[in-house]
Amino acid sequence: MVVLKGETGYIMCGYLNIDAANAMGDIAVRVTGVNDINDVLNSKVNSCSQRALELGIKPGDNIMDVIDKL
């Protein structure tokens, strides 16, 4: 399991559930097909929570382009 925690939100691997993040009101971004931190940093947003969408983060965005919003 890979999770990167920011000041206001986090990036999670595909092992974790975006519906649970929404239920908790989290700012969360989900990536898939990653094995380590380098994979995460070089990946794209697979899905994201409603609160992340409100910040302008959307599926397909490069992680490095959205990491400062978390």
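Being a predicted model, the structure only gives us computed values, none of them experimental.

S.K.: Help me understand the overall build of the protein in this model?
M.R.: When you go through the protein residue by residue, the secondary structure sums to four helices and four strands. Walking the protein from its N terminus toward its C terminus, one meets helices and strands in the order β-β-α-β-α-β-α-α. In summary, the protein has a C-alpha radius of gyration of 10 Å against a globular reference of 11 Å for 70 residues, a match within 12%. For the protein, the spread of C-alpha atoms along the principal axes amounts to about 25 × 20 × 20 Å. Per-residue burial over the protein gives 37% buried out of 70 residues. Relative to all contacts within the protein whose residues are 6 or more apart in sequence, the contacts with residues 24 or more apart total 29%. Just so you have it, the protein exposes about 4,200 Å², and 49% of that area is on carbon and sulfur atoms. Seen as two clouds, the 6 positive and the 9 negative side-chain charges of the protein have centres 3 Å apart.

S.K.: Just checking my understanding: could you explain the environment of S49 for this structure?
M.R.: Mapped onto the secondary structure, S49 falls in the loop between strand 4 (47–48) and helix 3 (50–54). Spatially, the C-alpha atom of S49 lies 6.9 Å from that of D26, the residues being 23 residues apart in sequence. Ignoring anything within four residues of it in the chain, the contact list for S49 reads I18, N22, D26, I27 and A28.

S.K.: How should the nonpolar core be read in this particular structure?
M.R.: Note that soluble globular proteins tend to have their nonpolar side chains buried in a common cluster. Grouped together as the largest cluster of nonpolar side chains are 16 residues, with contacts concentrated most on I11, V29, V40, V45, I57 and I63. When neighbours within four sequence positions are excluded, V29 is seen to be in contact with Y10, I11, M12, V45, S47, C48, A52, I57, I63 and L70. Of all hydrophobic cores here, the second largest spans five residues; its members include Y10, M12, I18 and A21.

Criteria and cut-off values
- Residues numbered from 1 in each chain as written.
- Predicted model: local features only at pLDDT ≥ 70, side-chain atom pairs only at ≥ 80, totals over all residues.
- Heavy atoms only, no water.
- Helix = DSSP H or I, 4+ residues; strand = E, 2+ residues; numbered from the N terminus.
- Rg over C-alpha atoms; globule rule 2.2 N^0.38 Å.
- Buried < 20%, exposed > 50% of the residue type's maximum accessible area, 1.4 Å probe, protein only.
- Contact = heavy atoms within 4.5 Å.
- Areas by Shrake-Rupley, 256 points an atom, 1.4 Å probe, with all protein chains shown as cover.
- Lys, Arg positive; Asp, Glu negative; His and termini not counted.
- Charge placed at Lys NZ, Arg CZ, Asp CG, Glu CD.
- Core = buried A, V, L, I, M, F, W, Y, C linked by side-chain atoms within 4.5 Å.

Any functional reading would require information that these geometric values do not contain.
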